[in-house]
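Summary of structural features
Okay, here's what each chain looks like letter by letter:
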Amino acid sequence: MSVTISPAVQRVLPLLTDPPPAPATPNGYLDQLGSQPGADGQVNNGVVQSLWSSRIGALLFDHVSTAARRVVGFLQSPDERLHLRPGQTVLDIACGPGEITASLANTVGPDGLSIGIDIAESMLARAARQHPADNTVFLRADAQRLPLRDNTIDAVTCIAGLQLIPDPEKALAEMIRVLRPGGHLAVLVPTVGAGPLELIGRYVPGVGGARIFADTEIADSVRGFGLGDVTTRRLGTIQWTCGHKIG
């Protein structure tokens, strides 16, 4: 008996480093992780991640994401910061219930592809259920070990999710690895300024593994991984870092 897969899943398969021989999406998303641990055996199973994965957490996320979307809208949409054009392929890391992923899909249009990646199964199932589209696909994967080939993505964003990843440096390196030369990255994180709080943000994780980043931490990292024209914009305790891949 043959299994029908969506047009979006068919379109993402050539981008994967290890495409499944018999792709299936019983819960609406393609699982590229299964029961395997994350990069170097790390999985993000802290209090915060466990909360988002629970039923109560999913409801709570509604209120949090609504507030976050208002802030993002005030600062400038990720679509604009990513310089998206119709027909491009865009990647949304830590996509949660998929609202940003769906917005990006609208920007790249029917000839483009918007890929949402998360590690939480409950969030991905919800995202796939609420945002079905031929140009939108959701993958369960580890941001520290993206299942995508080098230089395949036109733009990558991660909005308020990097602080939940055990090794954000590895995640940033992976985001830039999969970008095509000239492709754009836009990352939104909680941050602190210079002074005593900078040491706390840099060296002391928050509850359940969540952390706050020092003021120049993300910009310094992405420059080291080959991002050029790096800019930052801060509003209160959150900060955008943007740039494009060199070479």
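Here, the structure is the one placed above.
Because the structure is a prediction, the values reported are computed rather than measured.

Focus on the nonpolar core
The biggest cluster of nonpolar side chains holds 39 residues, and the ones touching the most others in it are Leu-91, Ile-115, Leu-162 and Met-175. In this structure, Met-175 is in contact with Ile-93, Leu-146, Val-156, Cys-158, Leu-162, Leu-185 and Val-187, ignoring residues within four places of it in sequence. With 13 residues, the next largest nonpolar core counts Ile-100, Leu-104, Leu-188 and Cys-242 among its residues.

A look at unusual backbone geometry
For Ala-160, which is not glycine, the phi dihedral falls at a positive 55°. Mapped onto the elements of the fold, Ala-160 is located in the loop between strand 5 (153-159) and helix 7 (168-178). Classification of Ala-160 as partly exposed rests on a relative accessible area of 38%. Despite not being glycine, Asp-229 has its phi angle at roughly 50°, a positive value. Structurally, Asp-229 can be placed in strand 8 (residues 227-235).

What about the pattern of salt bridges?
Side-chain pairs of opposite charge can arise whenever the charged atoms involved come near each other. Tallied over the entire structure, the rule returns seven salt bridges. Between Arg-177 and Asp-150 there is a salt bridge whose closest N-O contact spans 2.6 Å. One end of the pair, Arg-177, is in helix 7; the other, Asp-150, is in the loop between strand 4 (136-140) and strand 5, with 27 residues separating them in the sequence. Put simply, Arg-234 and Asp-215 hold a salt bridge, and the shortest N to O gap is 3.3 Å. Of the two residues, Arg-234 sits in strand 8 while Asp-215 sits in the loop between strand 7 (213-214) and helix 9 (217-224), which places them 19 residues apart along the sequence. Its relative accessible area of 26% is what places Asp-215 among the partly exposed residues.

Observations regarding helix 5 (residues 99-108)
The set of residues buried in helix 5 consists of Ile-100, Thr-101, Ala-102, Leu-104, Ala-105 and Val-108. Turning to helix 5, the residues buried within the fold contact helix 4 (78-81), strand 2 (89-93), strand 3 (113-118), strand 4 and strand 5. Phi turns positive one or two residues past the end of helix 5, at Gly-109, with a value near 75°.

Thresholds applied
- Residues numbered from 1 in each chain as written.
- Predicted model: local features only at pLDDT ≥ 70, side-chain atom pairs only at ≥ 80, totals over all residues.
- Heavy atoms only, no water.
- Core = buried A, V, L, I, M, F, W, Y, C linked by side-chain atoms within 4.5 Å.
- Buried < 20%, exposed > 50% of the residue type's maximum accessible area, 1.4 Å probe, protein only.
- Contact = heavy atoms within 4.5 Å.
- Helix = DSSP H or I, 4+ residues; strand = E, 2+ residues; numbered from the N terminus.
- Salt bridge = Lys/Arg side-chain N within 4 Å of Asp/Glu carboxyl O.

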